[in-house]
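# Summary of the model geometry
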Amino acid sequence: MSEETVPGLRREAVGLREVLFQSITAMAPAAAVAASIPSGAAFAGGSLPLSVLIALVACLFTASCVAELARRLPTAGSVATYAAQGLHPAVGFLVGWGYVFVEALVPPLLLLQLGFTTAGTLHQEWSSYPDDLWWPWSLAGAAIIAVAGYFGVRASARFGTVLGVFEVLVFLVFAIWLIAKAGGDNTLSVFGTSHTAEGYEGVSGVFAGSVYTVLAFAGFEAAAPLAEETKDPRRTMHRAVLGAALGIGLFYVLTTYAMSVYFGPDRLGGFGASGAASWEGVARASFGVFWVLVFLAVVNSTIANANACATVSTRTAFALARIKVFPRLFAHVHPRHRSPVAGVAAQCGVAVAAVLGLGLYYDPVTAFLLLATVIVTVVIGVYIVVNLACAGYFLRRRRELLKPVRHLLFPLLGIVAFVPALLTAAGLPVFDFVSELTAPVSYAGPVVGVWMAAGVVVLIVLSRRHPGRIAETARVHLDETSSPESPDPRQSGAVQP
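Bear in mind that the values here come from a model prediction, so they are computed numbers and not experimental data. (Residues numbered from 1 in each chain as written. Predicted model: local features only at pLDDT ≥ 70, side-chain atom pairs only at ≥ 80, totals over all residues. Heavy atoms only, no water.)

Helix and strand counts for the protein chain come out as 18 helices and 0 strands. The C-alpha atoms of the protein chain give 22 Å as radius of gyration, which agrees with the globular expectation for 497 residues (23 Å, within 12%). Each of the three principal axes of the protein chain carries a C-alpha extent, and together these read 70 × 55 × 40 Å. For the protein chain, contacts bridging at least 24 residues in sequence account for 80% of all contacts bridging at least 6. Carbon and sulfur atoms form 65% of the exposed surface of the protein chain, whose accessible area is close to 19,100 Å². The centroid of the 31 positive side-chain charges in the protein chain is displaced by 12 Å from the centroid of its 28 negative side-chain charges. (Helix = DSSP H or I, 4+ residues; strand = E, 2+ residues; numbered from the N terminus. Rg over C-alpha atoms; globule rule 2.2 N^0.38 Å. Contact = heavy atoms within 4.5 Å. Areas by Shrake-Rupley, 256 points an atom, 1.4 Å probe, with all protein chains shown as cover. Lys, Arg positive; Asp, Glu negative; His and termini not counted. Charge placed at Lys NZ, Arg CZ, Asp CG, Glu CD.)

Turning our attention to empty space enclosed by the protein. For the structure shown, the criterion picks out 4 cavities of 30 Å³ or more. In this structure, the largest cavity spans a volume of roughly 120 Å³. Every residue lining the largest cavity is counted, 16 residues in all, and those nearest its centre are Ile 145, Ala 146, Ala 310, Val 344 and Gln 347. Counting only elements with at least two residues in the lining of the largest cavity, the list comes to helix H6 (89–125), helix H7 (135–150), helix H12 (290–322) and helix H13 (341–361). Among the elements that line the lining of the largest cavity, the one with the most residues is H12, at 5 residues. Tallied by class, residues from the lining of the largest cavity come to 9 nonpolar, 6 polar and 1 charged. (1 Å grid on protein atoms, 1.4 Å probe; cavity = no way out; pocket = protein on both sides within 12 Å on 5 of 7 lines; lining within 4 Å. Points joined across faces, edges and corners; volume = space filled by probe spheres on them. Nonpolar A, V, L, I, M, F, W, Y, C, P; charged D, E, K, R; others polar.)

Summarizing the sequence annotation, UniProt attributes the feature "domain: Amino acid permease/ SLC12A" (unreviewed entry) to residues 19–425 in the numbering used throughout. This span, residues 19–425, is 73% helix and 0% strand, and a straight line between its end C-alpha atoms measures 28 Å. (UniProt positions renumbered as here; feature names shortened; annotations may be inferred.)

In this section: the side chain of Ser 138. Within the element layout of this structure, Ser 138 appears in helix H7. What Ser 138 contacts, discounting residues up to four positions off in sequence, is Leu 111, Leu 112, Gly 115 and Val 355.

The subject of this paragraph is a nonpolar patch on the surface. On the surface, Phe 166, Val 289, Val 292, Leu 293 and Leu 296 cluster together into a nonpolar patch covering about 390 Å² of accessible area. Looking at which element gives the most residues to the nonpolar patch, the answer is H12, with 3 residues. By relative accessible area, Phe 166 is classed as partly exposed at 31%. (Patch = residues over 30% accessible without salt bridge, like charges linked within 9 Å, V, L, I, M, F, W, Y side chains within 5 Å. Salt bridge = Lys/Arg side-chain N within 4 Å of Asp/Glu carboxyl O. Buried < 20%, exposed > 50% of the residue type's maximum accessible area, 1.4 Å probe, protein only.)

Turning next to the pattern of salt bridges. According to the stated counting rule, one finds 10 salt bridges in the structure shown. Across the salt bridge formed by Arg 17 and Glu 18, the nearest N and O atoms sit 2.9 Å from each other.

Scanning the entire structure with this criterion turns up 25 aromatic pairs. Ring centres 4.5 Å apart and planes at 15° place the aromatic pair Phe 101 and Trp 451 in the stacked group. Note that Phe 101 is positioned in helix H6 and Trp 451 in helix H16 (residues 444–465), a separation of 350 residues in sequence. Of the aromatic side chains, those joined through ring pairs into one cluster are Phe 171, Phe 174, Trp 177, Tyr 262, Trp 279, Phe 287 and Phe 290. The residue whose ring lies beneath Arg 267 is Phe 263, and the NZ or CZ to ring-centre distance is 4.1 Å. (Phe/Tyr/Trp six-rings, centres within 6.5 Å; stacked < 30°, edge-to-face > 60°. Lys NZ or Arg CZ within 6 Å of the ring centre and 35° of its normal.)

What follows concerns the side chain of Asn 387. Mapped onto the secondary structure, Asn 387 falls in helix H14 (residues 364–396). Within the structure, the side chain of Asn 387 is placed 2.9 Å from the backbone oxygen of Tyr 383, a separation counted as a polar contact. Excluding anything up to four places from it in sequence, Asn 387 contacts Phe 61, Thr 62, Cys 65, Phe 410, Pro 411, Gly 414 and Ile 415. (Polar contact = N/O pair within 3.5 Å; in protein donor to acceptor, adjacent residues only side chain to side chain.)

Let us now look at the environment of Ala 146. By the element assignment, Ala 146 lies in helix H7. Once the C-alpha coordinates of Ala 146 and Gly 249 are considered, the two residues, 103 residues apart in sequence, prove to be 29 Å apart. Residues within four places of Ala 146 in sequence aside, it is in contact with Val 344 and Cys 348.

Taken as a whole, the second largest pocket holds about 260 Å³ of empty space. Around the second largest pocket, the lining is made up of 15 residues, and of these Val 100, Ala 104, Phe 330, Ala 346 and Val 350 lie nearest the centre. Of all the secondary-structure elements, those providing two or more residues to the lining of the second largest pocket are H6, H12 and H13.

One full turn of an α-helix is made of 3.6 residues, so residues set three or four places apart face in the same direction. Its 33 residues give H12 an end-to-end C-alpha distance of 48 Å, which sits within 8% of 48 Å, the value for a rise of 1.5 Å per residue. In terms of burial, H12 is largely enclosed, as 30 of its 33 residues are buried. Positive backbone phi, at 65°, marks Lys 324, one or two positions downstream of H12. (Expected span 1.5 Å × (residues − 1).)

Counting 129 residues, the largest nonpolar core has Leu 69, Phe 171, Phe 174 and Tyr 252 as the members making the most contacts within it. Setting aside chain neighbours within four positions, we find Phe 171 in contact with Ala 30, Val 33, Ala 34, Phe 251, Thr 255, Trp 279, Val 294, Ala 297 and Val 298. One finds Ala 76, Trp 97, Ala 317 and Ile 323 within the second-largest nonpolar core, a separate group that totals 19 residues. (Core = buried A, V, L, I, M, F, W, Y, C linked by side-chain atoms within 4.5 Å.)

Our next topic: the environment of Thr 81. Relative to the helices and strands, Thr 81 is located in helix H5 (residues 79–86). Considering only alpha carbons, one finds Thr 81 and Pro 130, 49 residues apart in sequence, at a separation of 47 Å. What Thr 81 contacts, discounting residues up to four positions off in sequence, is Leu 73, Thr 75, Thr 473, Ala 474, Arg 475 and Val 476.

Orientation of helix H11 (residues 279–286) relative to H12, taken along the N-to-C sense of each, is 160°, at an axis distance of 7 Å. Judged on the interaxial angle alone, H12 and H11 are roughly antiparallel. In the packing of H11 onto H12, the handedness of the crossing is left-handed. Between H11 and H12, the residues in contact are Glu 280, Ala 283 and Arg 284 and Trp 291, Val 294 and Phe 295, respectively. Here the residues of the contact of H11 with H12 are counted per class, giving 4 nonpolar, no polar and 2 charged. (Axes fitted to C-alpha atoms, helices over the stretch in contact; angles between N-to-C directions. Parallel < 35°, antiparallel > 145°, perpendicular 65-115°, else oblique. Left-handed = near helix turned anticlockwise from the far one by under 90°.)

Below you can see the structure in the form of structure tokens.
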């Protein structure tokens, strides 16, 4: 253990409601329904609800693994600690190195979407507003997130809860409205394979749609890094991770079903994220000013998601800095708000630099696609490692608690579910529905490779000079007790379980 200690995060600051919405908003349900899930319609067509249902079941396998590890290992290091405990500390370091990188890129990704969505909608309503004047909205969003992060986990988590409730309610009400309007066109046939898109008939279309839909579930694990700031973290983390994955998964199924039966199952293959054949387009054409609420829900979703992932990145960086494998500055917390202020400032700086640098050099949509490819590639890789870590942890460390189905079969099924999504996100044409990536989106692979190669170099240096620091990646601070061999938990920020 480190001889030096650092002030900890605020203990027992939030409860189940806040951490549940931490995961929910990290999944960006409104943005996923309006933009991500429709990408699967090109393959699944009107059978998209079945694709979403399959993706939900697949993601629940990994969510179960994360929840099991979060219950046993409540720590701000989350996935890094899980990998360190279940596999090896070196693997844990590399998982943390990759995870903090991509979670720091999620806020600029969403701020880009905030910018071009707002500018495009304003231009559509008032042609005098230039559709390329997107960046002020992105910067305003960055400022809001930075302020919420500065005032600590209570402020940011409660802010996220309010935003999350709004976006879910808007699309839930809209979905019920669509189902009611569909009337006699409601049919369970959309949960079969008879409405898949042309050229992707039958099971192949449903499978292709589910692969693209899986990406909408990313973020269900985002509650885990709040473990050291949560009341009764072992119980709360488990419920929050599983609750978010299941609850929002069912929300996806309901909303996708609603649009399929209202729009027409045999027409859904042409459905997308913009234009008349989109959620906003249907709202504009059929429900008058209700489209404004749909637009606001999507904008709200981008801010909520960026806020949640900024919390994830700053807490993960704090956990790694605390054991001195990241610069010590990131372990500094505000004396009053107990927020990792250096991390919040760095996160804001990264967001502004990425938004303006990539968005102005290319354009905001291209920059969005580039960042999305980087993020999804690493996050899915992390999920695969966490599945392995779940099996490893219960086989190697807690054999007395091993449950073969939950701790061995579910991790295996989780890996099987995410490998096709990883290949699709990386643009590797293993399946006929995967398109090769073109520049600059194809730069995502080299970017990830360079970052992870840098992590390997840092790992080698630390292993030679400070091997104890890498070992501490497996350290669970909440489990520490006061003893001659370990620092007083009240001084180190550790909390008793």
